[in-house]
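One letter stands for each residue in the lines below.
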Amino acid sequence: MTLQAVPAATVDPDLFRQLLRQHAAAVVVITAPGEPATGFTATSFTSVSLDPPLVSFCLAKSASAWPAVEAADTVAVHVLGQEQEHVARTFSTRGIDRLAEHGDWQPGPDGVPLLGGVLARLVCRVVDRVVAGDHTIVLASPLTGEHGLGEASAPLVYHSGRYVALNQAE
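Residues numbered from 1 in each chain as written. Predicted model: local features only at pLDDT ≥ 70, side-chain atom pairs only at ≥ 80, totals over all residues. Heavy atoms only, no water.

### Looking at the side chain of Thr 136
Phase 1: Mapping Thr 136 onto the fold places it in strand β10 (residues 135-147).
Phase 2: For Thr 136, a relative accessible area of 2% gives the class buried.
Phase 3: For Thr 136, the contacting residues outside a window of four places in its chain are Phe 57, Cys 58, Leu 59, Lys 61, Trp 66, Arg 129, Val 130 and Val 131. (Helix = DSSP H or I, 4+ residues; strand = E, 2+ residues; numbered from the N terminus. Buried < 20%, exposed > 50% of the residue type's maximum accessible area, 1.4 Å probe, protein only. Contact = heavy atoms within 4.5 Å.)

So this is what it looks like as structure tokens:
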């Protein structure tokens, strides 16, 4: 399934980036099994449906993690806690073995890497991939989930081009 083409006259790409920076998003690391297994940092994760349970995330087809995600039947979504900026940075660094650099993971169902110490984790079955411009939207159905795996009580957030913690009033 491919989304319909966008109109010829669209917002300027630089303005588009500036506008999107105003949107705050939770930071997740998505992992996929493979040879090699991989993971990447994303802010495009969202819930799609409660009945049936569905989530989605987007990934550029040019991303180094794309071949593993394209082939994967199972992926894991890890919601990072506010003290895990270093994890987000590791999984967004190009040209390294991100899982080896991170170290705190173990193989899960179908070999999907499961990161330790995260705020929440979902193991999902991929149900569809939708081409959307230079990205692919991956739709997945959560099979299992856990939360409270780390010390954080609040998520890591990305806003205005930087990682931030929520300022929670007690």
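Following the structure, the description resumes.
### Overview of the sheet that holds strand β3 (residues 38-42)
Phase 1: Taken in spatial order, the 7 strands of this open sheet run β3-β2-β6-β9-β10-β5-β4, and their pairing is antiparallel. The sheet terminates laterally at β3 and β4 (46-50), the two strands that pair on one side only. For this sheet, the mean angle separating the axes of adjacent strands, direction not counted, is 35°.
Phase 2: Note that β4 and strand β5 (residues 53-60) share 4 bridges and pair antiparallel. Paired with Ser 47 across the bridge in β5 is Val 55. (Pairing = 2+ DSSP bridges. Axes fitted to C-alpha atoms, helices over the stretch in contact; angles between N-to-C directions.)

### Remarks on the nonpolar core
Phase 1: Judged by nonpolar contacts, the single largest core of 24 residues is most densely connected at Ile 30, Phe 40, Phe 57, Val 69, Val 75 and Cys 124.
Phase 2: For this core, the elements supplying multiple residues, two or more each, are β2 (28-32), β3, β5, α2 (66-71), β6 (74-79), β9 (120-132) and β10.
Phase 3: Top contributing element to this core by residue count: β9, with 4 residues.
Phase 4: Among residues more than four places away in sequence, those in contact with Ile 30 are Thr 38, Gly 39, Phe 40, Ala 42, Phe 57, Val 75, Ala 76 and Val 77. (Core = buried A, V, L, I, M, F, W, Y, C linked by side-chain atoms within 4.5 Å.)

### Remarks on the pairing of β10
Phase 1: Both β5 and β10 contribute to a ladder of 6 bridges, which runs antiparallel. Paired with Ala 60 across the bridge in β10 is His 135.
Phase 2: Between the antiparallel neighbours β9 and β10 lie 2 residues, among them Gly 133 with a positive phi of about 65°.

### A closer look at the pattern of salt bridges
Phase 1: This model, assessed by the stated rule, comprises 3 salt bridges.
Phase 2: We note a salt bridge from Asp 110 to Arg 125, for which the minimum N-O separation is 3.2 Å. One end of the pair, Asp 110, is in the loop between β7 (105-107) and β8 (113-115); the other, Arg 125, is in strand β9, with 15 residues separating them in the sequence.
Phase 3: By relative accessible area, which is 51% here, Asp 110 ends up exposed.
Phase 4: Take Arg 125: its relative accessible area is 33%, and that puts it in the partly exposed class.
Phase 5: Across the pair Glu 146 and Arg 121 runs a salt bridge whose closest N-O atoms are separated by 2.7 Å. Here Glu 146, found in strand β10, pairs with Arg 121, found in strand β9; they are 25 residues apart in sequence, far enough to count as distant.
Phase 6: Judged by its relative accessible area of 42%, Glu 146 is partly exposed.
Phase 7: A relative accessible area of 10% means that Arg 121 is categorised as buried. (Salt bridge = Lys/Arg side-chain N within 4 Å of Asp/Glu carboxyl O.)

### Some points on unusual backbone geometry
Phase 1: Cis geometry is adopted by the peptide bond preceding Pro 36, which originates at Glu 35 and carries an omega value of 5°.
Phase 2: Structurally, Pro 36 is set in the loop between β2 and β3.
Phase 3: In the segment running from Asp 51 into Pro 52, the intervening peptide bond is cis, with an omega of 5°.
Phase 4: In this structure, Pro 52 sits in the loop between β4 and β5.
Phase 5: Even without a glycine there, the phi angle at Asp 110 is positive, about 60°.
Phase 6: Unusually for a residue other than glycine, Ser 160 sits at a positive phi of about 55°.
Phase 7: Look at Ser 160 and you get partly exposed, because its relative accessible area is 37%.

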